[in-house]
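# A closer look at the structure
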Amino acid sequence: MYELRGVTKRYKRGKETVDALDGIDLTIGDGDRLVIQGPTGGGKSTLLQMLGGLDRPTSGSVTLDGTDLAKLSESKLTRVRSENIGFVFQSFNLIPTLTAQENVETALVPLKLKVRERRERAAAALESVGLAERSGHLPAELSGGQQQRVAIARALVKRPKVLLADEPTGNLDESMRDEIMEVLETMWKEHGLTFIMVTHDSAIARKAPRLATIRKGRITVKENVSS
Ligand SMILES: Nc1ncnc2c1ncn2[C@@H]1O[C@H](COP(=O)(O)OP(=O)(O)O)[C@@H](O)[C@H]1O
Ligand SMILES: [Mg+2]
């Protein structure tokens, strides 16, 4: 479970300061799915970075299962990330010189598994997103939708409890968008993930059981009883 209390993030650019997050209080239960919307520059990606321990808040606490991520040492934070938190980004972020299989395996390197287990788990993850036959392909040899599937396999191969997705369909055309949303939805259900997703897609937002809107670093959350 996540508990955020009074989270602020202030960026400094020269003499200018930007309050990207301005006092966020938020609780997210295990297995919940939270959709985040809001205008560009509102603080959505910054919030995801705080949830993922990719960056630290300026003040406040970001507690995951009782551990305040803001207070962890860099090495402990890296460990929490590599074991518990999967990320999917708009831009896929695959390594262009590695095959799909190798890209997925990179997520397992910090877990120090035996080579054979690493191979098998990566292959199984690719199969679960429907890409078993493409495991030897380089990212450039795959469509956008397929590349995002590889990224999803890479995020989930470590069996995290949390999946964070920052506009995962933002770079995809409409047909692929639905396909990727379906994969994410299936993964959320099958793996009992806590799933937090930023999206501009209002159709997805309408259906979301819990919808957060972030504007100027402030959050409002709406429960959708009809979904
Ligand atoms: N690394 C950074 N350095 C300085 N300012 C940043 C940085 N990251 C984000 N910001 C600023 O913080 C605000 C929120 O950004 P962001 O979280 O990326 O918004 P969103 O994802 O909702 O578009 C914006 O004003 C943005 O310019
Ligand atoms: Mg963003």
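Residues numbered from 1 in each chain as written. Chains lettered and ligands numbered in written order. Predicted model: local features only at pLDDT ≥ 70, side-chain atom pairs only at ≥ 80, totals over all residues. Heavy atoms only, no water.

The name an unreviewed UniProt entry gives the protein chain is ABC transporter ATP-binding protein, with Streptomyces fructofermentans as the organism.

### Details of the pairing of strand 1 (residues 2–13)
Bridge analysis of strand 1 against strand 2 (residues 16–28) gives 10 bridges, and the strand direction is antiparallel. Each residue of the ladder has a partner; that of Leu 4, found in strand 2, is Leu 26. Taking the residues between adjacent antiparallel strands as the criterion, strand 1 and strand 2 are bridged by two residues, where Gly 14 takes a positive phi near 60°. Bridge count for strand 1 against strand 4 (residues 59–64) is five bridges, and the pairing is antiparallel. If you follow Leu 4 over to strand 4, its bridge partner there is Val 62. (Pairing = 2+ DSSP bridges. Helix = DSSP H or I, 4+ residues; strand = E, 2+ residues; numbered from the N terminus.)

### Here's the deal with the environment of Thr 199
Within the secondary structure, Thr 199 is located in the loop between strand 8 (194–198) and helix 7 (202–207). The class of Thr 199 is buried, set by a relative accessible area of 3%. When the C-alpha positions of Thr 199 and Ala 165 are compared, they lie 8.5 Å apart, and in sequence the two are 34 residues distant. Among the polar contacts listed, one links the side chain of Thr 199 to the backbone nitrogen of Asp 201, at a separation of 2.9 Å. (Buried < 20%, exposed > 50% of the residue type's maximum accessible area, 1.4 Å probe, protein only. Polar contact = N/O pair within 3.5 Å; in protein donor to acceptor, adjacent residues only side chain to side chain.)

### Considerations on the pattern of salt bridges
Between side chains of opposite charge, a pair can form when the charged atoms approach closely. The final tally for this structure, using the stated rule, is 16 salt bridges. Two residues, Glu 3 and Arg 5, come together in a salt bridge whose shortest N-O distance is 2.8 Å. For Glu 3, a relative accessible area of 29% puts it in the partly exposed group. Relative accessible area serves as the criterion here: at 37%, Arg 5 is assigned to the partly exposed category. Between Glu 120 and Arg 116 there is a salt bridge, and its shortest N-O distance comes to 3.0 Å. Taken together, the residues Glu 120 and Arg 116, both in helix 4 (residues 115–128) and four residues apart, mark about one turn of the helix. Because the salt bridges share partners, they merge into one network encompassing Asp 30, Asp 65 and Lys 161. (Salt bridge = Lys/Arg side-chain N within 4 Å of Asp/Glu carboxyl O.)

### Focus on unusual backbone geometry
Phi at Arg 159 takes a positive value of approximately 55°, unusual for a residue other than glycine. Mapped onto the secondary structure, Arg 159 falls in the loop between helix 5 (144–156) and strand 7 (162–166). On the basis of relative accessible area, Arg 159 is assigned to the exposed category, the value being 57%. Despite not being glycine, Glu 167 shows a phi value in the positive range, around 50°. Position of Glu 167 relative to the elements: it lies in the loop between strand 7 and helix 6 (174–191).

### Here we look at the nonpolar core
Counting residues in each nonpolar core, the largest one holds 38 residues, and the members touching the most others are Val 104, Val 150, Ile 152, Leu 163, Leu 184 and Met 197. Within the residue set of this core, elements represented by two or more residues are helix 3 (100–106), helix 4, helix 5, strand 7, helix 6, strand 8 and helix 7. With residues up to four places along the chain from it excluded, the contact list for Val 150 reads Leu 94, Ala 100, Asn 103, Val 104, Leu 126, Leu 131 and Leu 142. (Core = buried A, V, L, I, M, F, W, Y, C linked by side-chain atoms within 4.5 Å. Contact = heavy atoms within 4.5 Å.)

### Some words on helix 5
Since the α-helix packs 3.6 residues into each turn, any two residues three or four apart lie on the same face. With 13 residues, helix 5 extends 18 Å from end C-alpha to end C-alpha; this agrees with the ideal 18 Å at 1.5 Å per step. For helix 5, a buried count of 12 out of 13 residues is recorded, marking the element as mostly surrounded by other parts of the structure. Restricting attention to buried positions, one finds in helix 5 the residues Gly 145, Gln 146, Gln 147, Gln 148, Arg 149, Val 150, Ala 151, Ile 152, Ala 153, Arg 154, Ala 155 and Leu 156. Buried positions along helix 5 lie against strand 6 (85–89), helix 3, helix 4, strand 7 and helix 6. (Expected span 1.5 Å × (residues − 1).)

### Focus on the site of ligand 1
Taken together, Tyr 11, Arg 13, Val 18, Ala 20, Pro 39, Thr 40, Gly 41, Gly 42, Gly 43, Lys 44, Ser 45 and Thr 46 make up the full set of residues adjacent to ligand 1. Contact between ligand 1 and Gly 41: an oxygen atom at 2.7 Å from a main-chain N or O atom of the residue. Measuring from an oxygen atom of ligand 1, one finds a backbone N or O atom of Ser 45 at 2.9 Å. Starting from 560 Å² of accessible surface for ligand 1 in isolation, the protein chains cover 68%. At three residues, the largest contribution of residues to the shell around ligand 1 is made by helix 1 (residues 44–51). (Near = heavy atom within 4 Å. Areas by Shrake-Rupley, 256 points an atom, 1.4 Å probe, with all protein chains shown as cover.)

### Structural notes on the packing of aromatic side chains
On inspection of all chains with the given rule, the structure shows one aromatic pair. Where Phe 87 meets Phe 89, the ring centres are 5.9 Å apart and the plane angle is 5°; that geometry is what we call stacked. Assessed through its relative accessible area of 15%, Phe 87 is described here as buried. (Phe/Tyr/Trp six-rings, centres within 6.5 Å; stacked < 30°, edge-to-face > 60°.)

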